[in-house]
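Below are the chains, spelled out letter by letter.
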Amino acid sequence: MAETATGPDPELLRALRALANPTRLQVLSWLREPARHFDPAVTIADPVEVGVCVSHIQAKAGLAQSTMSAYMAELERAGLVQATRVGRWTHYKRDEARIGRLVALLGQTL
């Protein structure tokens, strides 16, 4: 991620657009500490290692499944989360390396 001759890095802009939505920002915050925000007793995979099932994220956010899936897809396209399939379920966890690079780039840019 770097500034191009025509303006800010497109990946940086995509990430900032994804973070501009309050619900997506909240979900990213929940995923920072998944064991604190999601009941590990009802998960089928380790929420720290594999991620949190989209159905659990959807239930906590109180949004329709289609809306939450679209929100998670946007976070994934922005490189802020990684998706892993476990059976028929998709689990999401933060991409800490990518988030770290984004924070560093913001520090250099702003």
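Residues numbered from 1 in each chain as written. Predicted model: local features only at pLDDT ≥ 70, side-chain atom pairs only at ≥ 80, totals over all residues. Heavy atoms only, no water.

Participant: Got a minute to help me understand the pairing of strand 2 (residues 81-86) in this structure?
Facilitator: Residues in a regular strand point their side chains to alternate faces of the sheet. Bridge analysis of strand 2 against strand 3 (residues 89-94) gives 6 bridges, and the strand direction is antiparallel. By the bridge assignment for strand 3, T84 is matched with H91. In this antiparallel pair of consecutive strands, strand 2 and strand 3, the connection spans 2 residues, and G87 shows a positive phi of 65°. (Pairing = 2+ DSSP bridges. Helix = DSSP H or I, 4+ residues; strand = E, 2+ residues; numbered from the N terminus.)

Participant: Looking at this structure, I do not really get the nonpolar core. What am I missing?
Facilitator: A general tendency of soluble globular proteins is for nonpolar side chains to be buried together. Core analysis: the largest hydrophobic core is formed by 22 residues, its most contacted members being V27, L31, I57, M72 and L80. Of all the elements in the fold, those that place two or more residues in this core are helix 1 (10-19), helix 2 (22-32), helix 4 (54-61), helix 5 (65-77) and helix 6 (96-109). If we ignore the near neighbours within four places in the chain, the residues touching L80 are A15, A18, L19, L28, L75, K93, R94, D95, I99 and L102. (Core = buried A, V, L, I, M, F, W, Y, C linked by side-chain atoms within 4.5 Å. Buried < 20%, exposed > 50% of the residue type's maximum accessible area, 1.4 Å probe, protein only. Contact = heavy atoms within 4.5 Å.)

Participant: Can you help me understand the side chain of R24 in this one?
Facilitator: Mapped onto the elements of the fold, R24 is located in helix 2. It turns out R24 is buried and unbridged, and the closest side chain with the opposite charge, E74, is 5.2 Å from it. When residues no more than four places from it in sequence are discounted, the contact partners of R24 are R17, A18, Y71, E74 and L75. (Lys, Arg positive; Asp, Glu negative; His and termini not counted. Salt bridge = Lys/Arg side-chain N within 4 Å of Asp/Glu carboxyl O.)

Participant: What should I look at first to understand the sheet that holds strand 3 in this one?
Facilitator: Sheet strands line up and pair through hydrogen bonds in the backbone, either parallel or antiparallel. Reading across the sheet, the 3 strands line up as 1-3-2 and stay open at both edges, with antiparallel pairing between neighbours. Looking at the sheet topology across the chains shown, the edges are occupied by strand 1 (52-53) and strand 2.

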